[in-house]
Amino acid sequence: MNEIKVYDARAFTSRFMPSRELEALLKGDLNKFLMCRLEDMYPHVKQTVPPSRSLTHSCLYITEGSATMKIGSEQYRVGAGEMLFVPAGQVFSFDEHDQNKGYFCNFHDDMLLGKYGNSELLKEFEFLKVWGNPHIVLGKATAQFILHLFNRILEEYLECGLQHMNILQPYLIALLCEVNRVYKPASVSPQTNAVSITNRFRELVFQHIRDRHMVSDYAAMLNISPSHLNKSVRTITRKAPTKWIDEAIVLEAKVLLSQSDFPISEVAIQVGFEDQSYFTRLFKRYEGMTPTEFRRMIKMS
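Keep in mind that what you see is a predicted model, and the values were worked out from it rather than measured. (Residues numbered from 1 in each chain as written. Predicted model: local features only at pLDDT ≥ 70, side-chain atom pairs only at ≥ 80, totals over all residues. Heavy atoms only, no water.)

Focus: the state of the cysteines
Per the counting criterion, the structure on display carries 0 disulfides. Of the cysteine sulfurs around Cys160, a residue in no disulfide, the closest is that of Cys105, at 17 Å. Cys59 provides the cysteine sulfur closest to Cys177, a residue in no disulfide bond, and the two sulfurs are 14 Å apart. (Disulfide = S-S within 2.5 Å.)

Structure representation (structure tokens):
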């Protein structure tokens, strides 16, 4: 089975933000780290960015204006004093019309490892998990701390690229730790066991969606009954596990439809369906259009 195409940072900016001016601001290994001001980036977005994914984490910090982005199956709109994270591997898309100021940062897990970091940090930051809450509302004091850290990191990055990791890494970790202090989970339910089951279920769906479509498959992986899984997920998210699974299938299909030339029958097979007609019905139920119509819309944009 073919892997869904993943853009590296330079290829992504070249396709959706073609600009020598922007390219000159991006230093070193872009698949490890990059940062720029939103006002230097968004004006160069010349087309709608279709469902895509990256192997690195991304975050936006808005100081003026707003930004709208679809992450997974949810759409988010963030304004001044707010941040939005796209975890590595998650599907995202956005339009070209936003007007804003602030900062954009893209970083690999490796930036949190090594001399000044450790693997435990990756476990602490829920906003870097596919099941975490990507929308962070900062208080006034935290917003000022975050602004200072972004300014310092950007100054170092623009001047020296990635030459001084002993400066970039501690500042990035400090920034994420500040975010973590004000982070609020998507669910505030006190039912810890149900929350744990739901989070693990969503992570497993993210990992296995192309070959596991049954609630019973995920219940078996979690060593619980399908009814227990169904009750836990419904309690925490107010959505049935089947809907989470269906939405993940459609997201995978949208990425393939926008980033490949596979015929619809092959797209169906890639997301685990031998029956193209069933796949088409499922896709239309969630998107309001057929896979063919969706691909046509993407090409026209």
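Some details on the pairing of strand S7 (residues 100-107)
Summarising burial for S7: 7 of the 8 residues are buried, a large majority. Pairing of strand S1 (residues 33-37) with S7, which is carried by 5 bridges, proceeds in the antiparallel orientation. Opposite Leu34, over in S7, you have Asn106 as the bridge partner. In the sheet, strand S3 (residues 57-71) pairs with S7 via 8 bridges, with the strands oriented antiparallel. The residue bridging Gly65 from the neighbouring strand is Asn100, located in S7. (Buried < 20%, exposed > 50% of the residue type's maximum accessible area, 1.4 Å probe, protein only. Helix = DSSP H or I, 4+ residues; strand = E, 2+ residues; numbered from the N terminus. Pairing = 2+ DSSP bridges.)

Some words on the packing of aromatic side chains
Summed over the entire model, instances satisfying the criterion amount to 12 aromatic pairs. Plain terms: the ring middles of Phe273 and Phe279 are 6.2 Å apart, the flat faces sit at 35 degrees to each other, and that makes the pair tilted. For the pair shown, Phe273 and Phe279 are each scored as buried. Ring geometry for Phe279 against Phe283: centres 6.1 Å apart, planes inclined by 55 degrees, an arrangement best described as tilted. Remark: Phe283 and Phe279 occur in helix H12 (residues 276-287); sequence separation between them is 4 residues, near one turn of the helix. Owing to a relative accessible area of 1%, Phe279 belongs among the buried residues under this scheme. In this structure an aromatic cluster arises from ring pairing among Phe273, Tyr278, Phe279, Phe283 and Phe294. One Lys or Arg, Lys239, reaches over the ring of Trp244 and ends 3.7 Å from the middle of that ring. (Phe/Tyr/Trp six-rings, centres within 6.5 Å; stacked < 30°, edge-to-face > 60°. Lys NZ or Arg CZ within 6 Å of the ring centre and 35° of its normal.)

Describing the side chain of Thr56
Its place among the elements puts Thr56 in the loop between strand S2 (49-52) and S3. When its relative accessible area of 6% is taken as the criterion, Thr56 is described as buried. Side-chain polar atoms of Thr56 contact the side chain of Ser54, separated by 2.8 Å. A distance of 2.8 Å separates polar atoms of two side chains, one belonging to Thr56 and the other to Asn106. Not counting chain neighbours up to four residues away, the residues in contact with Thr56 comprise Asn31, Val86, Pro87, Ala88, Asn106, Phe107 and His108. (Polar contact = N/O pair within 3.5 Å; in protein donor to acceptor, adjacent residues only side chain to side chain. Contact = heavy atoms within 4.5 Å.)

Some words on H12
Given 3.6 residues per turn, any residue in an α-helix points the same way as the ones three and four places further on. The end-to-end C-alpha distance of H12, which contains 12 residues, comes to 16 Å, matching closely the 16 Å that a straight helix rising 1.5 Å per residue would cover. Taken together, the buried positions of H12 are occupied by Phe279, Leu282 and Phe283. Looking down the long axis of H12, one finds its buried residues gathered within 95 degrees of arc, a one-sided arrangement. Summarising the geometry of H12, the exposed residues directed more than 90 degrees from the buried face are Arg281 and Arg285. Just downstream of H12, Gly288 is the residue with a positive phi angle, here 75 degrees. (Expected span 1.5 Å × (residues − 1). Arc of directions from axis to C-beta.)

Description of the pairing of S3
Remark: a regular strand shows side chains that alternate across the two faces of the sheet. Burial analysis of S3 places 11 of its 15 residues in the buried class, the great majority of the element. Bridging between S3 and strand S5 (residues 82-86) involves 5 bridges; their strand directions are antiparallel. In the sheet register, Leu60 faces S5, and the bridge partner there is Leu84. When S3 meets strand S4 (residues 74-79), the two strands line up antiparallel, connected through 6 bridges. Bridge pairing in S4 links Ser66 to Gly79. Following S3, the chain reverses through 2 residues before pairing antiparallel with S4; Gly72 in that reversal takes a positive phi of roughly 60 degrees. Where S3 meets strand S6 (residues 92-94), 2 bridges bridge the pair, whose relative direction is antiparallel.

Observations regarding helix H8 (residues 215-222)
Val215, Tyr218, Ala219 and Leu222 are the residues of H8 that are buried. Summarising the axial view, the buried residues of H8 lie within an arc of 105 degrees, below the 170-degree limit, and thus occupy one face. Looking at the packing, one finds that the buried side of H8 touches helix H7 (192-208), helix H9 (226-237) and helix H10 (241-259).

Describing the packing of H7 against H8
Running from amino to carboxyl end, H7 crosses H8 at an angle of 120 degrees, the nearest separation of the two axes being 10 Å. By the criterion of interaxial angle, the relationship of H7 to H8 is oblique. Note on packing geometry: the crossing formed by H7 with H8 is right-handed. Contacts from Ile197, Arg200, Phe201, Leu204, Val205 and His208 in H7 reach Tyr218, Met221 and Leu222 in H8. (Axes fitted to C-alpha atoms, helices over the stretch in contact; angles between N-to-C directions. Parallel < 35°, antiparallel > 145°, perpendicular 65-115°, else oblique. Left-handed = near helix turned anticlockwise from the far one by under 90°.)

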